Amino acid sequence: MAAVRDNAWVGIDVGKTHHWVCAVDADGKTLLSVKVANDEAGIVSLIAAVTALTQQLTWAVDIIGAPSALLLALLAQAGQPVRYASGRVVAAMSAAYVGEGKTDAKDARVIAETARLRRDLAIIDTDTDLVRNLAVLTGHRADLIADRVRMINRLR
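Predicted, not measured: the structure shown is a model, and the values here were computed from it.

Student: Even after reading the chapter, I still don't get the overall build of the chain, so can you show me in this structure?
Tutor: Along its length, the chain carries five helices and six strands. Reading the chain from its N terminus to its C terminus gives the helix and strand order β-β-β-α-β-α-β-α-α-β-α. Going through the 156 residues of the chain one by one, you find that 38% of them count as buried. In the chain, the share of contacts with a sequence separation of at least 24, taken over all contacts with a separation of at least 6, comes to 57%. Accessible surface, the chain: about 8900 Å² in total, of which carbon and sulfur atoms supply 57%.

As structure tokens, then:
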């Protein structure tokens, strides 16, 4: 098992049905590069896997609209700060990296590298109505699932 690092930067290329996630360390070495479904279970397991890699994380996303709402709500619930790398910044930074033209994996790496190199990216305010409402809904869903499991166990 790899040693736990002090810092890592996580770039997320947000999509409607899935996100591509890339984590890099202080030297720019890729620690993780995976595709994650845009659902609660996938995102929660991703957060657990990434937080096991390092002591301190900096998360960055390229979209702060509806496709990233669940992701942002779950990151806020986990107490993880998230920064915003605009599409214009990602496009400019992408030109510096060799490789295939435009892929989700490359975009996620560019977002992670941008967060690592630039300290001026805006922090996303997670105290919005949308994030609070999603946090309530995901908490309610977890309660319903726990009730269902208890009911099934009682029936057995």
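Student: Looking at this model, I keep getting lost on the pattern of salt bridges. Mind explaining?
Tutor: When the charged atoms of two side chains with opposite charge come close together, those side chains can pair. In this structure the tally under the stated criterion is four salt bridges. For R116, the salt bridge is made with E113, and the minimal N-O distance between the two is 2.8 Å. With R116 and E113 both in helix α4 (residues 104-117) and three residues apart, this pair spans about one turn of that helix. A single burial state applies to R116 and to E113, both of which are buried. Across the pair R150 and D147 runs a salt bridge whose closest N-O atoms are separated by 2.2 Å. With R150 and D147 both in helix α5 (residues 129-155) and three residues apart, this pair spans about one turn of that helix. Classification of R150 as partly exposed rests on a relative accessible area of 42%.

Student: What should I look at first to understand the packing of helix α1 (residues 40-51) against helix α2 (residues 69-77) in this one?
Tutor: The geometry of α1 relative to α2 is characterised by a closest axis approach of 10 Å and an angle of 45 degrees between their N-to-C directions. Here α2 runs oblique to α1, going by the angle between their axes. The handedness of the crossing between α1 and α2 is right-handed. For the pair α1 and α2, contact is made by E40, I43, V44 and I47 and by L70, L71, L74 and L75, respectively. The residue makeup of the contact of α1 with α2, split by class, is seven nonpolar, no polar and one charged.

Student: Explain the environment of V10 to me, please; I cannot follow it from the model alone.
Tutor: Locating V10 in the fold gives a position in strand β1 (residues 5-13). The spatial distance from the C-alpha of V10 to the C-alpha of E113 is 8.4 Å, given a sequence separation of 103 residues. Apart from residues lying up to four places away in sequence, V10 is in contact with V21, C22, A23, V50, L57, T58, W59, A60 and A112.

What counts, and where the lines are drawn
Residues numbered from 1 in each chain as written. Predicted model: local features only at pLDDT ≥ 70, side-chain atom pairs only at ≥ 80, totals over all residues. Heavy atoms only, no water. Helix = DSSP H or I, 4+ residues; strand = E, 2+ residues; numbered from the N terminus. Buried < 20%, exposed > 50% of the residue type's maximum accessible area, 1.4 Å probe, protein only. Contact = heavy atoms within 4.5 Å. Areas by Shrake-Rupley, 256 points an atom, 1.4 Å probe, with all protein chains shown as cover. Salt bridge = Lys/Arg side-chain N within 4 Å of Asp/Glu carboxyl O. Axes fitted to C-alpha atoms, helices over the stretch in contact; angles between N-to-C directions. Parallel < 35°, antiparallel > 145°, perpendicular 65-115°, else oblique. Left-handed = near helix turned anticlockwise from the far one by under 90°. Nonpolar A, V, L, I, M, F, W, Y, C, P; charged D, E, K, R; others polar.

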